[in-house]
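Now for the letters of each chain:
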Amino acid sequence: GAGVSQSPSNKVTEKGKDVELRCDPISGHTALYWYRQSLGQGLEFLIYFQGNSAPDKSGLPSDRFSAERTGGSVSTLTIQRTQQEDSAVYLCASSLDPTVISYEQYFGPGTRLTVT
Amino acid sequence: AQSVAQPEDQVNVAEGNPLTVKCTYSVSGNPYLFWYVQYPNRGLQFLLKYITGDNLVKGSYGFEAEFNKSQTSFHLKKPSALVSDSALYFCAVSLWRIIFGKGTRLHILP
């Protein structure tokens, strides 16, 4: 079946502009995660949606970052007033029932964001 | 607090030799442990996981990992490395939420 998809695959934006990144999780996956990866480095957790519960926003680096998940499926990560340090690959992942933490995550291909 | 450490930024192994990528963890309960791989210009892929039972877990592409509770380790291993194994490897631990290590870049030299 279809995996996790993300769009756009690449985004170049000017400093100060807002950007929206989209994630379509695997159908039936109730948990959705956003991560940031800089230059092939480690994964920085951003936000976690778990079913209908309030999201875990503890990883968002500043109030310029926000995310929503509509209808328990598609998610949008919004970065307002982008800065050059926001340049990174933004990865989305989904997994089955979030109350079963042994389930592995399935990752999308990522969105490469470049802020000029 | 839970944490996971990958002490090596990079590991170089000659093709055909056995490889080990190290991972240690720190949690207050019984963790679930994972390995993921990221090939160049591709997304992360799940390799294997330890939930319970046999300490030796076998995964994709001939990889295996050994859970050692006394040493709080979950090292990734493969008996004979291939050049195509060159990638970035992430260890992860999950107790209430999954936490990823910073990654180890594996270079298999032909």
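Conventions and cut-offs
The residue numbers shown here count from 1 along each chain, following its written sequence. Just so you know, chain letters begin at A and ligand numbers begin at 1, following the order they were written in. Selection of residues for local features in this predicted model requires a pLDDT of at least 70, selection of side-chain atom pairs for listing and counting requires 80 or more, and totals for whole chains, interfaces and linings are taken over all residues. Here the side-chain values reflect all heavy atoms present in the structure, with hydrogen atoms and water set aside. Residues count as neighbours in contact if any of their non-hydrogen atoms are within 4.5 Å of one another. A simple way to read buried area is as the amount of 1.4 Å-probe accessible surface that goes missing from two parts once joined, with both sides added. Put simply, a salt bridge is a Lys or Arg side-chain nitrogen that is within 4 Å of an Asp or Glu carboxyl oxygen. What qualifies as a polar contact is a pair of N or O atoms within 3.5 Å, subject to a donor-acceptor requirement within protein and to the restriction that residues adjacent in sequence count only when both atoms come from side chains. Think of it this way: any DSSP run of H or I at least four residues long counts as a helix, any run of E at least two long counts as a strand, and we number them from the N terminus. Only Asp, Glu, Lys and Arg are considered charged, only Ala, Val, Leu, Ile, Met, Phe, Trp, Tyr, Cys and Pro nonpolar, and every remaining residue, Gly among them, polar. Burial classes follow relative accessibility: with a 1.4 Å probe on protein chains only, a residue under 20% of its type's maximum area counts as buried, one over 50% as exposed, and anything between as partly exposed. Two strands are said to pair when DSSP picks up at least two bridges between them. Nonpolar cores are built from buried Ala, Val, Leu, Ile, Met, Phe, Trp, Tyr and Cys residues. Side-chain atoms within 4.5 Å join them into one set. Helix axes are fitted to C-alpha atoms over the stretch in contact, other axes to C-alpha atoms as well, and angles between N-to-C directions run from 0 to 180 degrees. To count as a disulfide, a pair of cysteine sulfur atoms needs to be within 2.5 Å.

Draft legend 1. Spotlight on the interface of chain A and chain B. With 18 residues of chain A at the interface, the matching set in chain B holds 19 residues. Between chain A and chain B, roughly 1,500 Å² of surface is buried when both sides are summed, and carbon and sulfur atoms account for 59% of that area. Taken together, chain A and chain B are joined by 1 salt bridge. When the shortest N-O distance is used, the salt bridge between Glu104 of chain A and Lys49 of chain B registers 2.8 Å. Inspection of the chain A/chain B interface yields 4 residue pairs in polar contact (both at pLDDT 80 or more). Where the side of chain A that touches chain B is concerned, the elements lending two or more residues are strand S4 (31-37) and strand S5 (43-50) of chain A. With 3 residues, S5 of chain A is the single largest residue contributor to the side of chain A that touches chain B. Considered class by class, the residues forming the side of chain A that touches chain B number 8 nonpolar, 8 polar and 2 charged.

Draft legend 2. Structural detail: the pairing of strand S10 (residues 111-115) of chain A. Residues and elements named next belong to chain A. The alternating pattern of S10 places Thr111, Leu113 and Val115 on a buried face, while none of Arg112 and Thr114, on the opposite face, is buried. Alignment of strand S2 (residues 10-13) against S10, held across 4 bridges, turns out to be parallel. Across the sheet, the residue bridging to Thr13 is Val115, located in S10. Direction of pairing for strand S8 (residues 88-95) relative to S10: antiparallel, over a ladder of 3 bridges. Its bridge partner lying in S10, Ala88 is registered against Leu113.

Draft legend 3. Here's a closer look at the nonpolar core. Within the largest apolar cluster, 27 residues are counted, with the highest numbers of intra-cluster contacts made by Leu19, Trp35, Leu47, Leu48, Phe74, Leu76 and Tyr89 of chain B. Looking at which element gives the most residues to this core, the answer is strand S10 (residues 87-94) of chain B, with 4 residues. Dropping the residues within four chain positions of it, Leu76 of chain B is found in contact with Leu19, Thr20, Val21, Trp35, Leu47, Leu48, Phe63, Glu64, Ala65 and Tyr89 of chain B. Counting residues in hydrophobic clusters, the runner-up holds 20 residues, among them Leu21, Phe65, Ala67 and Leu113 of chain A.

Draft legend 4. Spotlight on the sheet that holds strand S1 (residues 5-7) of chain A. Residue and element names in this part refer to chain A. In spatial order, the strands read S1-S3-S7-S6; together these 4 strands make up an open sheet with antiparallel pairing. What marks the edges here is a single partner per strand, and that holds for S1 and strand S6 (65-69). Strand-to-strand, the axes of this sheet are offset by a mean angle of 15 degrees, without reference to chain direction. Where S1 and strand S3 (residues 19-24) come together, 3 bridges link them in antiparallel fashion. The partner of Gln6 across the bridge, within S3, is Cys23.

Draft legend 5. Expanded view of the state of the cysteines. Under the criterion given, the structure shown has 2 disulfides over all chains. Linked covalently through their sulfurs, Cys23 of chain A and Cys92 of chain A form a disulfide whose S-S length is 1.8 Å. Looking along the S-S bond of the Cys23 of chain A-Cys92 of chain A disulfide, the torsion reads about -65 degrees, which is the left-handed sense. With Cys23 of chain A in strand S3 and Cys92 of chain A in strand S8, the pair connects residues that are 69 residues apart, well separated along the chain. The same class applies to Cys23 of chain A as to Cys92 of chain A, namely buried. Here Cys23 of chain B is linked by a disulfide to Cys91 of chain B, with a sulfur-sulfur distance of 1.9 Å. Negative torsions about the S-S bond denote left-handed disulfides, and the value of about -65 degrees found for Cys23 of chain B with Cys91 of chain B makes this one left-handed. In this pair, Cys23 of chain B sits in the loop between strand S3 (19-21) and strand S4 (24-26) while Cys91 of chain B sits in strand S10, placing the two residues 68 residues apart along the sequence. Of the two residues, Cys23 of chain B and Cys91 of chain B, neither departs from the other in class, the shared state being buried.

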